[in-house]
Structure formats: C-alpha cells, structure tokens
Amino acid sequence: MSSGGARPLAPWRWLGVPMLYVIAATMVFAVPMRFWGLGLPEPVFALPVVFAWAVIRPSMLAPVGVMTMGFFLDLIWGSPIGFWAVCLLLPYGIVLGARSILAGQNQVMMWVWYGLSTALAIGAGYLFTMLDTQNAPYPASVGWQFLATVVLYPFADRLIDRFEDADVRFR
Amino acid sequence: MSLRDNPLGELKVPLTWTAGIVFIVVLIASVAILLSDRREAFDTDAYGNPRTMADRVMAPVGDALSTPGRLTGQGVDGIRGYFFAVSENRRLRVELENMRQWRDVAIALRDTNERYRTVLGLKTDPPIPMATARIVTDSRGPFANSRLANAGSEKGIKPGNPVMSENGLVGRIVGVTEGVSRVLLLTDAASRTPVMIDRTNSRAILTGDGGPNPKLEYLRGQDPVKSGDRILTSGDGGVFPRGLPVGVAVKGLDGRWRVVLASDKAAVDFVRILLFEDFTQVADTRKLQHTAPPPPTPGATTLPPPVPATVPAAGASIPATPAPAGATAGGASPAPRTTPPAQPVARATTPAAKTTTPTPKAATPAQPAAKASVPPAKTATPPARPTATPAPKAPAPKTTQPSGGPP
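A quick note: this is a predicted structure, and the numbers were derived from the prediction, not measured.

Conventions used here
- Residues numbered from 1 in each chain as written.
- Chains lettered and ligands numbered in written order.
- Predicted model: local features only at pLDDT ≥ 70, side-chain atom pairs only at ≥ 80, totals over all residues.
- Helix = DSSP H or I, 4+ residues; strand = E, 2+ residues; numbered from the N terminus.
- Buried ≥ 20, exposed ≤ 12 C-beta atoms within 10 Å, placed from the backbone.
- Contact = placed C-beta atoms within 7 Å.
- Rg over C-alpha atoms; globule rule 2.2 N^0.38 Å.
- Core = buried A, V, L, I, M, F, W, Y, C linked by C-beta atoms within 7 Å.
- Nonpolar A, V, L, I, M, F, W, Y, C, P; charged D, E, K, R; others polar.
- Arc of directions from axis to C-beta.
- Axes fitted to C-alpha atoms, helices over the stretch in contact; angles between N-to-C directions.
- Parallel < 35°, antiparallel > 145°, perpendicular 65-115°, else oblique.
- Left-handed = near helix turned anticlockwise from the far one by under 90°.
- Pairing = 2+ DSSP bridges.
- pLDDT = per-residue confidence, 0-100.
- Expected span 1.5 Å × (residues − 1).
- Bend = angle between axes of the 7 residues up to and from the residue.

Draft legend 1. Quick look at the overall build of chain B. Along chain B, the regular secondary structure elements total 10 helices and 12 strands. Each of the 407 residues in chain B was classed as buried or not, and the buried ones make up 33%. For chain B, long-range pairs separated by at least 24 residues make up 64% of all intrachain contacts whose partners lie at least 6 apart in sequence.

Listed below in structure tokens is the structure:
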C-alpha cells in the first residue's frame, strides 16, 4: 500500500461513494416524520458534494455524476425532470471555473464560497419555479432550505481535505 | 509503475478542457430535458416512465425507512395514553356531552333536510368510493411538495383523484402506477384548487407556494372573507367534489389571505383517496343524451314570418320547456350540461294578458313582440331589456313594453 498515494484517484472513491451517501441521506430525510409537530428540514445534501467535486479536481465524470444526482432529486421530490440537475450544474460550473481563486483559501472563506454556490443553486430553483408555475415560491421556505443546506459545509470540507491532494497532477 | 513513468501524468491541461466540454454538454442536455418536461399536464402519459419506475422503487424503500419511526411513534402514543389516561378520560367525557347535544341537532337537521329533498325532488350526489393508503415518502421543500402513497392503480386510483386526511383535504393524485401513487399537495407551487368561503359562498383559487399556508387568489366582492372563515372546495371545474374541508382563512404577514390547512392539525400518515373523477361520473349520462332539444329561438332568421293571430298564443304554445333530468337545485347538481338555454325559455313563457298587439307592419316583428311581453316574476332568468333589442318600426312594441320588467 505504500504506492497508493501515487496511483490515480479511483472515481468510485471520490464520486461513487459520496453519491451513495447523498442518495441515502436524502431518502432518510424524505421519511414522513414529525418531531413535536415539526417536520424534518429538507436540505440539499447533494450541494456539499457538488462543491467539493468542483474544488478537488476537474473531471469528465463529475458533471455526469452531478446530473445523475439532480435527476434523483427530481424523482424523489417530484419536481420537473432536469430541475435539480440544472440547479446543481450551475454552481458546479462556477466553482470549477473559479478553482484557481479558491486554492489556498481558509475554511471560513471556503464556507462563504459554499454559501454563494448554494445561493446560486437555490436562486436558480426559485427562478425556474417562477417561470414554470407563474407563481413565486414562499421566501421563508426558500430561506429555510438555504440555511439547512449551508450548515452542511463541514461535509464538503471533509471531502475536500480527503481528496484534494489525492491526485498530484491537480495540486 | 510510478507516476513519473506514467505518460498520462502530464495531461493536466487537456483534461481540464475536456472536463469543461463535458460540463457544457451535460448542462445543455439537462436544460433540454427540463424544457421538455410536461409535468404541468398532470395526466398519465405526461407522468412518464422514469417517474413511474422511480416511484415503484422508492415506495418500498420509503416504507421500510419509515417503519421504525412509525413503530416508535405508536409506542410513544401507547406510553402517553397509559400515563395520561385519567386526564384524557375527563376531557373525553366533556367532549361526549357536547357531542350528544350536537347529535340531537344533527338528527333534527337530517330530518329537515330529508323533507326538503323530498319536497324539491332534489338529487344528491351518490357516495364516492374511497381507497385507503399510507404515506411513505414526503418532500417538503420550497419548489416541490408531494408525497408517495402506497396504493396505486390496483385500487382504481387515477390521476386527479382528491386525497384527504382525517382532518381535511391534502391534495390530489398526479401519478399512479402499480402499488404506489404520487400526491401533489395543496402547498405545491404548481397546485391550484377551486375553493369557496363557507360563510359568504365567495369563490377563490387556493394557490400553493411551497409554504405551509397556501394563498387565496382571485377573491371577488367586498370583504368576501374574514379571519377564521372556513374554506371548502367549491367543486367548480369538476376536479374536486363540493364541500371538502380545506382549512381556515387567516391574514398572512404579507397582507394576503392565506389558509391554515385542516390537514396540518396532525401528521399525515394515513390518507383516503376519493375515487372521484368529475361530475360526469355522478350524472346519469345515458339519460342526459336523451334530453329533449331546446325550443327554437323566437325571432331567429330561420323561423317563418309570424302570423299575427298566433302572436298572443306564442308564449303559451311553447310550454315544453325541457325539464332537464339533471337540472336539480343546489350547487351540487351533478348535471351541469343539462341546463337549458335560459333566454328562449324566458321569452317563451309569455303571458297572454298583454298580447293585444296590433298587427305588426314590419316583416320581422316577432323578436320585439316576444321579448316585450315577458311577465314579471314568472321566469327564473331575467329577460333582456327591451332597449337592447333592435328598434322595431311596427307600433306593436310601444303598446307592449313592460313597464317595470321583472324584479
């Protein structure tokens, strides 16, 4: 195992496994349960993973993975097919383009960047819903989902820490 | 082989570009799929195979995941019932005394209602069959609010069927497959439900926006709604039956009227799916097809020129206003299509008292003569004002102008 660090990063490790975690977490949070009269929040578990994938390295498989997770969210949540795929791909592309700027930033600044990418995804969802239904979504619900998603940054940070230096070609 | 010997180790720039191209291609494909989605159609074909298959896969998974929580909740309820049995018993006794009084009132009202129905010959809607289901997944984000229920086409469920909890309306079915169906909640941004305010009978459209309290839109009239008014389904459009409880009106923080949903009083775990389609289901369509055609419109160009002697008897000679089989009183009339054309009927029931008109000189005096002799308060629909009719050259209309018209 001494030569493990020199091997190219296996896609299933940094793409497949996090995607399965996202699917599992989303399914668990879709359970119809109430605690003291309140339902569970509905964070977008895919966003930390999408952010981390864009930061870790450019990849040909990652956009396909983002699209797959988006389709899964559409199917489980009942939104139009392609809705979350587009909402997730937009921040992925922005963060991928700004990858050189993000390099070397401290954790707080990365969290701010993550918050901006979350706002972009949810803002795009707000716009698409308005166009689709001719009806503006309730701002408090949008803000609640934004907050529930922003607090998930530690998962993205852990993923970045684990795989950012895993492939020396992209240091 | 070390990385230094790997020829692919120097492919940093090409891989970046390739990744960018793949990203653009995937983005374009996603946008195209989003634009081609026909979710707003809400019919079986538009729901699509991917959604059908995904629902079929996710329903048992969601059912398995929700089982521990459901069993825990039942256990907690059991323990709570054991420890709070005495206080609950007291509360139930008080409630039972109140309910007994209401039972007496209900029996009296039922008796009165039955007499009224008998007198009026009123046809009421037949009972609607139902299917029971359990909710297995729940999405509650700002952009989509829907649930999966573990009953599907095998129970006769179809898209459009209303879904109720024990407390009130929850939503309607938008997708069905074997063993599972998807419920679009009233709070979904794409949900529109015709409702009425119970106190004033005013109509509105309940519009979801992803929040907990959907909006009341298209309200008409002065002060049609007050805080605390009960909101029911109006039955307009035939999507929902009339009178299903929806919730209570409240003034939102944004100044708009909103509805606190009755179904939010408790967790929605079991639902009743009403196997209701539209009013054609409850009407006797075979009978409707044999309804007599409406009488010809007096004054129409297809009629022959009127004979003066027959003018006075014109009203009495068309008594056969089609008594529609389904034209029953009340808003729940199950046969809206059978409403006869009102104007010809109103014009046809002319009295003979004011028909002492002289012989009209004009060639087309039938329409003014017939309209001008409409009796007051004998027709259900107000006739057209005489001034709206073309001014006839004959003197007949002058003598037969109704002085006041119907009240």
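Next comes the rest of the description.
Draft legend 2. Molecular detail of the overall build of chain A. Within chain A, the secondary structure is distributed over 8 helices and 2 strands. Along the chain direction, N to C, the helices and strands of chain A fall in the order α-β-β-α-α-α-α-α-α-α. In terms of overall size, chain A behaves like a compact globule, its C-alpha atoms giving a radius of gyration of 17 Å where 171 residues would be expected to give roughly 16 Å. For chain A, the spread of C-alpha atoms along the three principal axes comes to 55 × 30 × 30 Å.

Draft legend 3. Main features of the nonpolar core. Grouped together as the largest cluster of nonpolar side chains are 106 residues, with contacts concentrated most on Ala46, Val50 and Leu88 of chain A together with Val246 of chain B. Counting residues per element, this core draws most heavily on helix H4 (residues 83-97) of chain A, which supplies 11 residues.

Draft legend 4. Layout of the interface of chain B and chain A. Tallying the contact residues gives 47 residues for chain B and 45 residues for chain A. Where the side of chain B that touches chain A is concerned, the elements lending two or more residues are helix H1 (12-36), helix H3 (49-83), strand E1 (130-140) and strand E2 (145-149) of chain B. In terms of residue count, the dominant contributor to the side of chain B that touches chain A is H1 of chain B (13 residues). When the residues that make up the side of chain B that touches chain A are grouped by side-chain class, the tally is 22 nonpolar, 15 polar and 10 charged.

Draft legend 5. Quick look at helix H8 (residues 153-163) of chain A. Residue and element names in this part refer to chain A. The complete set of buried residues in H8 reads Tyr153, Ala156, Leu159, Ile160 and Phe163. An end-on view of H8 places all buried positions within 120° of arc, on one side of the element. Among the exposed residues of H8, those oriented more than 90 degrees off its buried face are Pro154, Arg158 and Asp161. Looking at the packing, one finds that the buried side of H8 touches helix H1 (11-29), helix H2 (46-56), helix H6 (107-133) and helix H7 (139-150).

Draft legend 6. Examining the packing of H2 of chain A against H8 of chain A more closely. All names here are of chain A. Two elements in contact, H2 and H8, have axes separated by 8 Å at closest approach and are oriented at 30°. By the angle between their axes, H2 is roughly parallel relative to H8. When the axes of H2 and H8 are compared, the crossing they make is right-handed. Contacts between H2 and H8 pair Pro48, Val49, Phe51, Ala52, Val55 and Ile56 from the former with Tyr153, Phe155, Ala156, Leu159, Ile160 and Phe163 from the latter.

Draft legend 7. Expanded view of the pairing of strand E4 (residues 169-177) of chain B. Residues and elements named next belong to chain B. For E4, the tally of buried residues reaches 9 of 9 residues, placing the bulk of the element in the interior. Inspection of the sheet shows strand E3 (residues 162-164) paired to E4 by 3 bridges, in the antiparallel sense. Residue pairing for E4: Val163 is matched across the bridge by Gly171. Between the antiparallel neighbours E3 and E4 lie 4 residues.

Draft legend 8. Structural detail: the sheet that holds E4 of chain B. Residue and element names in this part refer to chain B. Pairing is antiparallel in the closed barrel, where 6 strands are placed in the order E1-E2-E5-E4-E3-E12. Ignoring strand direction, the axes of neighbouring strands in this sheet form an average angle of 40°. Examined bridge by bridge, E4 and strand E5 (residues 180-185) share 6 bridges and lie antiparallel to one another. Bridging across to E5, Thr177 finds its partner in Val180.

Draft legend 9. Representation of the confidence of the model for chain B within the structure. Residue and element names in this part refer to chain B. For chain B, the mean per-residue pLDDT works out to 73, and 62% of the residues sit at or above 70. Scored below 50 in pLDDT, residues 310-407 shows 167 contacts in the model against residues more than four places distant or in partner chains. Two summary scores accompany this predicted model of the complex, namely pTM at 0.71 and ipTM at 0.87.

Draft legend 10. Focus on unusual backbone geometry. All names here are of chain B. One non-glycine residue, Tyr218, adopts positive backbone phi at about 60°. Looking at the element boundaries, Tyr218 is found in the loop between strand E8 (215-217) and strand E9 (230-233). A tally of 11 C-beta atoms within 10 Å means that Tyr218 is categorised as exposed.

Draft legend 11. Looking closely at the packing of H1 of chain A against H2 of chain A. Residue and element names in this part refer to chain A. The geometry of H1 relative to H2 is characterised by a closest axis approach of 9 Å and an angle of 165° between their N-to-C directions. When the axes of H1 and H2 are compared, the pair comes out roughly antiparallel. In the crossing of H1 with H2, the sense of the turn from one axis to the other is right-handed. The residues of H2 that touch H1, namely those facing Trp14, Pro18, Met19 and Val22, are Ala46, Val49 and Ile56.

Draft legend 12. Broad picture of the environment of Thr68 of chain A. Mapped onto the fold, Thr68 of chain A is located in helix H3 (residues 61-77). Distance from Thr68 of chain A to Tyr21 of chain A, taken between C-alpha atoms, is 14 Å for residues 47 residues apart in sequence.

Draft legend 13. Fine view of H3 of chain B. Residue and element names in this part refer to chain B. Across its 35 residues, H3 extends 50 Å between first and last C-alpha, which sits within 8% of the 51 Å expected from 1.5 Å per residue. The largest bend in H3 amounts to roughly 35° and is located at Ser66, with the proline Pro68 lying one to four residues further along. Of all the residues in H3, the buried ones are Arg51, Ala54, Asp55, Met58, Ala59, Gly62, Leu65 and Ser66.

Draft legend 14. Fine view of the pairing of E5 of chain B. All names here are of chain B. In terms of residue burial, E5 counts as a mostly covered element, since 6 of its 6 residues are buried. Alternating residues of E5 divide into Val180, Arg182 and Leu184 and Ser181, Val183 and Leu185, and every residue in both groups is buried. In this structure, the hairpin formed by E4 and E5 is closed by a connection of 2 residues, where Gly179 is found at a positive phi of approximately 85°.

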